[in-house]
Amino acid sequence: YPFAIFIHRKLASHNATFDALFPFAKESVPSLSDFFGKRNSELLKEIGAMLDGSSHVHAMQNREVLIPTPDRQTVAVEVSLSVIRYEGKQALYCTFVDVSARRRVRDQAEATEEKFMTLVEQSLDALSISHEETFILLNKRFAEMFGYDSTMELLGKVFTSVVARGNSRTQVLG
């Protein structure tokens, strides 16, 4: 795993896999705040509390963060941190796992879901999705077709109880 050790909040040691993941870091000796960037201010506050002893927490595991690069891109990583003694000094030991591919897939899935929801919500047709005969998704047009003002009134209801409520099959199908 890529690792780095920060002493006095400056990068003091790292391995070759760290260099491969963060090639920009070997050009300078970044501080913790330079390396993690302004975007991760909450994480930096937590690290500061760990280092100055004001926190009872001395380790943090698997925190997903975006590390800024000089070219205004980011590297998505899962970072684990621990306060250690290194060469007789208090230090912060960090390990990193590149999760860029996982993040790309998650972002694509979220974008696809958003497109799907927009299509369902904006459809002129009445649409519903049920699981084990219970509504889990429907659009406003479907609710209106059965005399409801809101889709929330139908979520969780059993399909047959809504359709059978005074609507014969011929009325529903047209």
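Preceding block: the structure.
Let us now look at the overall build of the protein. A count of helices and strands for the protein gives seven helices and seven strands. Scanning the protein from its N terminus toward the C terminus, one meets helices and strands in the order β-β-α-α-α-β-β-β-α-β-β-α-α-α. In terms of C-alpha radius of gyration, the protein reaches 26 Å, well past the compact-globule figure of 16 Å for 174 residues. Counting only C-alpha atoms and orienting by the principal axes, one finds that the protein spans roughly 80 × 35 × 25 Å. Residue pairs at least 24 apart in sequence account for 35% of intrachain contacts in the protein once pairs closer than 6 positions are excluded.

Applying the stated rule across the entire model yields seven salt bridges. Taking the shortest distance from any N to any O, the salt bridge between Arg63 and Glu46 comes out at 2.8 Å. Of this pair, Arg63 sits in strand E3 (residues 59–68) while Glu46 sits in helix H3 (residues 41–52), and the two are 17 residues apart along the sequence. For Arg63, a relative accessible area of 28% translates into the label partly exposed.

Ordered in space as E2-E1-E5-E4-E3, the five strands form an open sheet in which the pairing is antiparallel. In this open sheet, the two edge strands, each paired with only one partner strand, are strand E2 (10–14) and E3. Adjacent strand axes in the sheet meet at a mean angle of 35° when their direction is disregarded. The strands that H3 touches are E3, strand E4 (74–86) and strand E5 (89–98); relative to E3, the one it contacts most, it runs at about 140°.

Direction of pairing for strand E1 (residues 3–7) relative to E5: antiparallel, over a ladder of five bridges. Paired with Phe3 across the strands is Thr95, a residue of E5. Of the strand pairs in this sheet, E4 and E5 are connected by 10 bridges, and their pairing is antiparallel. The partner of Ile84 across the bridge, within E5, is Ala91. Turn length for the E4-E5 hairpin, with the two strands adjacent in sequence and antiparallel, is two residues, and the turn residue Glu87 shows positive phi of about 50°.

This part takes up the environment of Gly37. By secondary structure assignment, the location of Gly37 is in the loop between helix H2 (32–36) and H3. Taking relative accessible area as the criterion, Gly37 reaches 7% and is therefore assigned buried. Taking the C-alpha atoms as reference, Gly37 lies 43 Å from Thr151; in sequence the two are 114 residues apart. Filtering out sequence-adjacent residues up to four positions away, Gly37 remains in contact with Leu32, Leu44 and Pro68.

Before going further, it helps to spend a moment on a nonpolar patch on the surface. Taken together, the side chains of Phe116, Ile129 and Ile136 make up a nonpolar region of the molecular surface, amounting to roughly 260 Å² of accessible area. Among the secondary structure elements, Phe116 is positioned in helix H4 (residues 100–122).

Time to look at the side chain of Asn40. Here Asn40 shows up in the loop between H2 and H3. Within the structure, the side chain of Asn40 is placed 2.9 Å from the backbone oxygen of Leu66, a separation counted as a polar contact. Discounting chain neighbours no more than four positions away, the residues touching Asn40 are Val65 and Leu66.

Counting residues in hydrophobic clusters, the biggest one holds 27 residues, and the most contacted among them are Phe22, Phe35, Phe36, Ile67, Leu81, Leu92 and Phe96. Mapped onto this core, the elements with two or more residues apiece are E1, helix H1 (16–21), H2, H3, E3, E4 and E5. Setting aside its immediate chain neighbours within four residues, Phe36 contacts Leu43, Leu44, Ile47, Val65, Leu66, Ile67, Pro68, Val79, Leu81 and Phe96. Formed by nine residues, the second largest nonpolar core is a distinct cluster that contains Leu138, Ala143, Tyr148 and Leu154.

Parameters and conventions
Residues numbered from 1 in each chain as written. Predicted model: local features only at pLDDT ≥ 70, side-chain atom pairs only at ≥ 80, totals over all residues. Heavy atoms only, no water. Helix = DSSP H or I, 4+ residues; strand = E, 2+ residues; numbered from the N terminus. Rg over C-alpha atoms; globule rule 2.2 N^0.38 Å. Contact = heavy atoms within 4.5 Å. Salt bridge = Lys/Arg side-chain N within 4 Å of Asp/Glu carboxyl O. Buried < 20%, exposed > 50% of the residue type's maximum accessible area, 1.4 Å probe, protein only. Pairing = 2+ DSSP bridges. Axes fitted to C-alpha atoms, helices over the stretch in contact; angles between N-to-C directions. Patch = residues over 30% accessible without salt bridge, like charges linked within 9 Å, V, L, I, M, F, W, Y side chains within 5 Å. Areas by Shrake-Rupley, 256 points an atom, 1.4 Å probe, with all protein chains shown as cover. Polar contact = N/O pair within 3.5 Å; in protein donor to acceptor, adjacent residues only side chain to side chain. Core = buried A, V, L, I, M, F, W, Y, C linked by side-chain atoms within 4.5 Å.

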